[in-house]
Amino acid sequence: NDEGGRVVMIDYEYADLNSPAYDAANMFVEAMIEYGTEQPPYFKTHAELFPSKAEVVAFAASYIGEYVSLKTSGDEKMSLERYMADFERCCMLSLYYWGTWAVVMGASTDSEEFDYFALAREKLKQYSELKRRYATGSIFVS
């Protein structure tokens, strides 16, 4: 942060060996959704909150520095280029995963408190958009 503090990411949800870029990708993707709104579908999308490439590069450089300083064996090397490539794919993976999860939840839950099918449509729409951009070179808007 601007005050020189540290951000520590702890993977409580999965607690296994995911791609180092997955948790960051999921965090940035989820930051675009405001949950708990009062009106249906009970969430709001803020696509403008998706980070720029420069923001992800800055995050990745910091993350990689910590990763390298904590790594006790030299078996796995991480570069900024590899991390960024993984990050782009993991953004799509996160959207696809949560989109399909929302379909399952919508089909198995009779909830008036949250519109899972609307969330599924939104996540899969975002996935399709990032996939389209990825096919042309990068998920980031220039």
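Up top is the structure these notes are about.
None of the values given here were measured: they were computed from a predicted structure. (Residues numbered from 1 in each chain as written. Predicted model: local features only at pLDDT ≥ 70, side-chain atom pairs only at ≥ 80, totals over all residues. Heavy atoms only, no water.)

A. How the structure looks around the packing of helix H1 (residues 20-30) against helix H3 (residues 80-108). Across the interface, H1 lies against H3 with an axial gap of 8 Å and an inter-helix angle of 55 degrees. Looking at the two axes, H1 sits oblique to H3. Viewed along their axes, H1 and H3 form a crossing whose handedness is right-handed. Here Pro20, Ala21, Tyr22, Ala24, Ala25, Asn26, Phe28, Val29 and Glu30 of H1 come into contact with H3, specifically with Tyr83, Asp86, Phe87, Cys90, Cys91, Leu93, Ser94, Leu95, Tyr97 and Trp98. Looking at the contact of H1 with H3 residue by residue, the classes come out as 15 nonpolar, two polar and two charged. (Axes fitted to C-alpha atoms, helices over the stretch in contact; angles between N-to-C directions. Helix = DSSP H or I, 4+ residues; strand = E, 2+ residues; numbered from the N terminus. Parallel < 35°, antiparallel > 145°, perpendicular 65-115°, else oblique. Left-handed = near helix turned anticlockwise from the far one by under 90°. Contact = heavy atoms within 4.5 Å. Nonpolar A, V, L, I, M, F, W, Y, C, P; charged D, E, K, R; others polar.)

B. Layout of the environment of Met32. With respect to the helices and strands, Met32 occurs in the loop between H1 and strand E1 (33-35). Spatially, the C-alpha atoms of Met32 and Glu48 are 7.5 Å apart, while their sequence positions differ by 16 residues. Not counting residues within four places of it along the chain, the set of residues in contact with Met32 comprises Lys44, Thr45, His46, Ala47, Leu49, Phe50 and Gln126.

C. Spotlight on unusual backbone geometry. Of note, the bond from Pro40 into Pro41 is cis; its omega dihedral lies within 30 degrees of zero at 10 degrees. Along the chain, Pro41 falls in the loop between E1 and strand E2 (43-45). At Tyr42, a position not held by glycine, the phi torsion is positive, near 75 degrees. Looking at the secondary structure, you find Tyr42 in the loop between E1 and E2.

None of this, on its own, says anything about what the molecule does.
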